[in-house]
Amino acid sequence: MPTHMVPFLPRATVPVVHSYGGKNRNLSYNGDYKPPKFDRQWKIFVAENHLKIGDACVFELMENNGKNLRFKVHILGPGDMPAELQELIKSRGQTLEAPICIN
């Protein structure tokens, strides 16, 4: 979970729905963990959607009422990314420590 998003999310374990490709995946967000993270269902989401190193996941927060979270997930492969995003990736590298925030 990108650290810049954490202050906007609950500091507790809450249910999450990830929506992508017309399907919903139920999992949990563990906001009380250090560092906060999604539960093991995240790995299933990754496998089901064939995510690879170099792909970008954009999490669009659709709902946050403190007790539930809902994200619309956008997956961009290397050929799907706008030139500006490709330049940011080249300049920062592809690491979890340097997530790219799109406002």
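The paragraphs below set out a description of the structure included in this document. (Residues numbered from 1 in each chain as written. Predicted model: local features only at pLDDT ≥ 70, side-chain atom pairs only at ≥ 80, totals over all residues. Heavy atoms only, no water.)

**Here we look at the packing of aromatic side chains**
Using the criterion set out here, one finds eight aromatic pairs in the structure. Each ring, one from tyrosine 29 and one from phenylalanine 38, has its centre 6.1 Å from the other, and the planes form 65 degrees; the classification is edge-to-face. For the pair shown, tyrosine 29 and phenylalanine 38 are each scored as buried. With centroids separated by 5.7 Å and ring planes inclined at 75 degrees, the aromatic side chains of phenylalanine 59 and phenylalanine 71 adopt a geometry described as edge-to-face. Placement of phenylalanine 59 in strand E4 (residues 56–64) and of phenylalanine 71 in strand E5 (residues 69–76) is noted, with a sequence separation of twelve residues between them. Exposure remark for phenylalanine 71: the relative accessible area of 0% places this residue in the buried category. One aromatic cluster in this structure is built from Tyr20, Tyr29, Phe38, Trp42, Phe45, Phe59 and Phe71. (Phe/Tyr/Trp six-rings, centres within 6.5 Å; stacked < 30°, edge-to-face > 60°. Buried < 20%, exposed > 50% of the residue type's maximum accessible area, 1.4 Å probe, protein only. Helix = DSSP H or I, 4+ residues; strand = E, 2+ residues; numbered from the N terminus.)

**A short note on the pattern of salt bridges**
By the definition in use, this model includes two salt bridges. Glutamate 48 is paired through a salt bridge with arginine 25; the nearest N and O atoms lie 2.4 Å apart. Note that glutamate 48 is positioned in helix H1 (residues 41–48) and arginine 25 in strand E2 (residues 23–30), a separation of 23 residues in sequence. Given a relative accessible area of 44%, glutamate 48 falls into the partly exposed group. (Salt bridge = Lys/Arg side-chain N within 4 Å of Asp/Glu carboxyl O.)

**Focus on the environment of glycine 21**
Looking at the element boundaries, glycine 21 is found in the loop between strand E1 (13–20) and E2. Sequence spacing of glycine 21 and asparagine 49 is 28 residues, and the spatial spacing of their C-alpha atoms is 9.0 Å.

**What to know about the side chain of serine 19**
Position of serine 19 among the secondary structure elements: in strand E1. According to the relative accessible area criterion, serine 19 is buried, its value standing at 19%. Discounting chain neighbours no more than four positions away, the residues touching serine 19 are Asn24, Arg70, Phe71, Lys72 and Val73. (Contact = heavy atoms within 4.5 Å.)

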